[in-house]
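Here is how the chains run, residue by residue.
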Number of protein chains: 2
Amino acid sequence: MNESKIQNPKSKIFLGVDGGQSHTEAVIADENGNVLASGFGGASNHAEHPGGRERLRNAILNSVGEALKNANLPPVEKTIFTAAHFGMTGGADYKEEIINETVTAEYSIVGHDAPTALFGATAGEPGIVVVAGTGSVIYGENKRGETTKIGGLGYLFSDEGSGFWLALQTVRLAIKEQDGLIEPAGLEQLVLNFFRREKIRELTNDFYSAKITRDELASFAKATHAAAAAGNEVIRDQIKFGASVLVESVQSAVRRLCFQDNFPVAGVGGMFQGELMRKYFSELLQREIPEAVFIEPRFNPAIGAVLLAYKQAKIEISETLLANLRKSKVK
Amino acid sequence: MNESKIQNPKSKIFLGVDGGQSHTEAVIADENGNVLASGFGGASNHAEHPGGRERLRNAILNSVGEALKNANLPPVEKTIFTAAHFGMTGGADYKEEIINETVTAEYSIVGHDAPTALFGATAGEPGIVVVAGTGSVIYGENKRGETTKIGGLGYLFSDEGSGFWLALQTVRLAIKEQDGLIEPAGLEQLVLNFFRREKIRELTNDFYSAKITRDELASFAKATHAAAAAGNEVIRDQIKFGASVLVESVQSAVRRLCFQDNFPVAGVGGMFQGELMRKYFSELLQREIPEAVFIEPRFNPAIGAVLLAYKQAKIEISETLLANLRKSKVK
């Protein structure tokens, strides 16, 4: 604990951070579950890449700094949080040192983003969370505290059902359309319009030379989802396939954790904002795992991180506290 | 033409270069089709990446330099070739300037690697070549000089049937095996043994942080092919699928170029060294496109580049010249 820092004198303050592949969200709350403010920063991934340490430091500084400012609290270098929890995409590797240099807290834990998402979605209850944002991962925890993680090995190796995956599949299919390997389905035009390119080769070259980032490619998922909702069967089939892999992953988590009756399964992340993904996933879940209950996440992952910060500081997560969080939740 | 350079006084010399994703091959021949020597250098791809210009320059310098040395000719800075043809993966983009600074020739063309592969495989005759090395591309040219290219947009967007693709699919399936999404098939162990890692996550992390290159990942294809040959059904199915996409691509090229009877289709690159890929591809080609004739490539792509250099210099590609090339071909 850095004695030169001034802790907020009025009350204990808690920090929850959700560090994702496209942005980082920080939420500050008091000890009674009243959210004081939130703030946003850039992506938290690839701290090990060239320039990555600096990017991560900025993502943390910007999100936590904005939240402190919005809460009329002193800046980050003058603040000591009572407890802080950081749920980071890709886990703590390379990140813990940078984060601990940047933010001071009496108790601080840097962990994976998946447990944070589950803790938020179920408000700390056992269950399974399916995170499908830029990437995808399935995480479960049972009442004995046993945990399992399925997928989550990144854009190249295991990300079915994620935004990057759907965007990539659509571009791949657009190339097959252009090459005459599949029937025309308007995919090439969809890709060219979205990325404002004349040829798909310009897009792929710009991706390989890093002029288009993975996050920018993933942002195409929303437009592809909209095209599917408007009737594009080829993309619909892709979303169905993505949903089926996510449900198979839930099934594997259920077996491993011996879940039986009425356990919650929540969908978190941008892909579940899409009507079709929600529909296909929930229908398939109902059919394949009828003992699962598909729930709306109670809180987002950043609030999940706040709840984990409370847990660290041994603050009881009472219904009153949860009601306060719900009431004051920053949209 | 740089007058300070000394052209080899005895005879005209021709240079063919095949610049691939894993290595670069240079072949030097005289005007009668006698191969004087060959030489090898590193990969020719991604000249646009940080450090890429220097890597490409070295790949060219090393391969051409070694060939000149083996042929007892003066070093590259003192040599003027009569004609040189460079068939480069990814095409001429970013590469032409670097190559023309490095090698001097009276006539010099920097083009794609696919036409070079076709020109070598058919000794300049119309036909279709399927290149399946680290990446994959299908290229055809008919007797009217019309050309078409299918695929070839790199490891992320279109490379079914390539070495990188097979290696990646096997790692993806190994992750599904580890995650309990498919029946155990020995894939996880195959991956861990080959890459000498304890966990697949170590491999994926090392790939994302560029400690393992794409070429190193692609080199796993040979071991996966061997496992399939030894009976692994899951990998066999992948190779079959890869072969089917390659045959569909040939079909599209046939339609576009209006090929009809007895036209040659050649398979070039490391994947066609694999017994199973050759078998599945040739069987499927025979069934789906019976009017195609699956041929052994007459010459490799580097010799194809020499033939294109002859063509530029308006040297007739006679049967005597081809017989000399065959006789003296450096293994």
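What you are looking at is a predicted structure, and each value in this text was computed from that prediction instead of being measured.

Draft legend 1. Inspection of the overall build of chain A at higher detail. Within chain A, the secondary structure is distributed over 12 helices and 10 strands. Taken against the 2.2 N^0.38 rule, which gives 20 Å for 331 residues, the C-alpha radius of gyration of chain A at 21 Å falls within 12% of a compact globule. Projected onto its principal axes, the C-alpha positions of chain A cover 70 × 45 × 30 Å. Looking at chain A residue by residue over its 331 residues, the buried ones come to 56%. Partitioning the contacts of chain A with sequence separation of at least 6, the portion at a separation of at least 24 is 65%. Split by element, the accessible area of chain A, about 14,100 Å² in all, is 49% carbon and sulfur. The average position of the 35 basic charges and that of the 40 acidic charges among the side chains of chain A differ by 2 Å.

Draft legend 2. Just the interface of chain B and chain A, in detail. Each partner contributes residues to the interface: chain B has 43 residues there, and chain A has 42 residues. A buried area of about 3,600 Å², summed over both sides, lies between chain B and chain A, and 52% of it is on carbon and sulfur atoms. Linking chain B to chain A there are 6 salt bridges. Residue A:Glu160 pairs with B:Arg172 through a salt bridge whose shortest N-O separation is 3.3 Å. There are 24 residue pairs in polar contact (both at pLDDT 80 or more) connecting chain B and chain A. Mapped onto the side of chain B that touches chain A, the elements with two or more residues apiece are strand E8 (147–151), helix H4 (163–178), helix H6 (200–208) and helix H9 (233–257) of chain B. The element best represented in the side of chain B that touches chain A is H4(B), accounting for 7 residues. Its residues assigned to classes, the side of chain B that touches chain A shows 16 nonpolar, 14 polar and 13 charged.

Draft legend 3. Region of interest: the pattern of salt bridges. All told, the structure shown has 24 salt bridges over all chains when counted by the stated rule. B:Glu146 is the partner of B:Arg144 in a salt bridge, and the nearest nitrogen-oxygen pair spans 3.2 Å. Note on B:Glu146: relative accessible area 36%, which makes it partly exposed. One network of salt bridges, with partners in common, ties together A:Asp159, A:Glu160, B:Arg172 and B:Lys176.

Draft legend 4. Geometry of the domain arrangement of chain A. Residues and elements named next belong to chain A. By domain assignment, chain A separates into domain 1 (13–123 + 299–328) and domain 2 (125–297). Listed per partner, the contact involves 13 residues of domain 1 and 21 residues of domain 2. Here domain 1 and domain 2 share an interface that buries about 1,300 Å² over both sides, 63% of which is from carbon and sulfur atoms. Contact with domain 2 buries surface across domain 1, with Gln-21, Leu-118 and Thr-122 losing the most and accounting together for 39% of the total. Taken together, the links from domain 1 to domain 2 amount to 0 salt bridges.

Draft legend 5. Seen up close, the nonpolar core. Counting residues in each nonpolar core, the largest one holds 114 residues, and the members touching the most others are A:Phe281 and B:Phe281. Sequence-distant contacts of B:Phe281, that is, excluding residues within four places in its chain, are made with B:Val130, B:Ala243, B:Leu246, B:Val247, B:Val250, B:Val265, B:Phe272 and B:Phe294.

Draft legend 6. Representation of the pairing of strand E7 (residues 136–141) of chain A within the structure. All names here are of chain A. Where burial is concerned, most of E7 is hidden: 5 out of the 6 residues are buried. Sheet topology places strand E6 (residues 127–132) next to E7; 6 bridges connect them, and they run antiparallel. Within E7, the residue paired with Gly-127 across the bridge is Glu-141. Between E6 and E7, which pair antiparallel in sequence order, lie 3 residues. Bridging between E7 and strand E8 (residues 147–151) involves 5 bridges; their strand directions are antiparallel. Note on E8: the bridge partner recorded for Val-137 is Gly-151. Here E7 folds back onto E8, and the loop between the two strands holds 5 residues, one of which, Gly-145, carries a positive phi near 85 degrees.

Draft legend 7. Representation of the sheet that holds E6(A) in the model. Residue and element names in this part refer to chain A. Sheet architecture is open: 5 strands sit in the order E8-E7-E6-E9-E10, paired in mixed fashion. Edge positions in the open sheet fall to E8 and strand E10 (292–295), since each of these has one partner strand only. On average, each strand axis in the sheet is inclined to that of its neighbour by 20 degrees, with strand direction left out of account. Note that E6 and strand E9 (residues 263–268) share 4 bridges and pair parallel. By the bridge assignment, Val-129 is partnered in E9 with Ala-266. Sheet strands touched by helix H3 (residues 113–122): E6, E7, E9 and E10. Its angle to E6, the strand with the most contacts, is close to 120 degrees. Along the sheet face, helix H9 (residues 233–257) touches E6, E7, E8 and E9 and points at about 155 degrees away from the line of E8.

Thresholds applied
Residues numbered from 1 in each chain as written. Chains lettered and ligands numbered in written order. Predicted model: local features only at pLDDT ≥ 70, side-chain atom pairs only at ≥ 80, totals over all residues. Heavy atoms only, no water. Helix = DSSP H or I, 4+ residues; strand = E, 2+ residues; numbered from the N terminus. Rg over C-alpha atoms; globule rule 2.2 N^0.38 Å. Buried < 20%, exposed > 50% of the residue type's maximum accessible area, 1.4 Å probe, protein only. Contact = heavy atoms within 4.5 Å. Areas by Shrake-Rupley, 256 points an atom, 1.4 Å probe, with all protein chains shown as cover. Lys, Arg positive; Asp, Glu negative; His and termini not counted. Charge placed at Lys NZ, Arg CZ, Asp CG, Glu CD. Buried area = accessible area lost by both parts, 1.4 Å probe. Salt bridge = Lys/Arg side-chain N within 4 Å of Asp/Glu carboxyl O. Polar contact = N/O pair within 3.5 Å; in protein donor to acceptor, adjacent residues only side chain to side chain. Nonpolar A, V, L, I, M, F, W, Y, C, P; charged D, E, K, R; others polar. Domains from an automatic or database assignment. Core = buried A, V, L, I, M, F, W, Y, C linked by side-chain atoms within 4.5 Å. Pairing = 2+ DSSP bridges. Axes fitted to C-alpha atoms, helices over the stretch in contact; angles between N-to-C directions.

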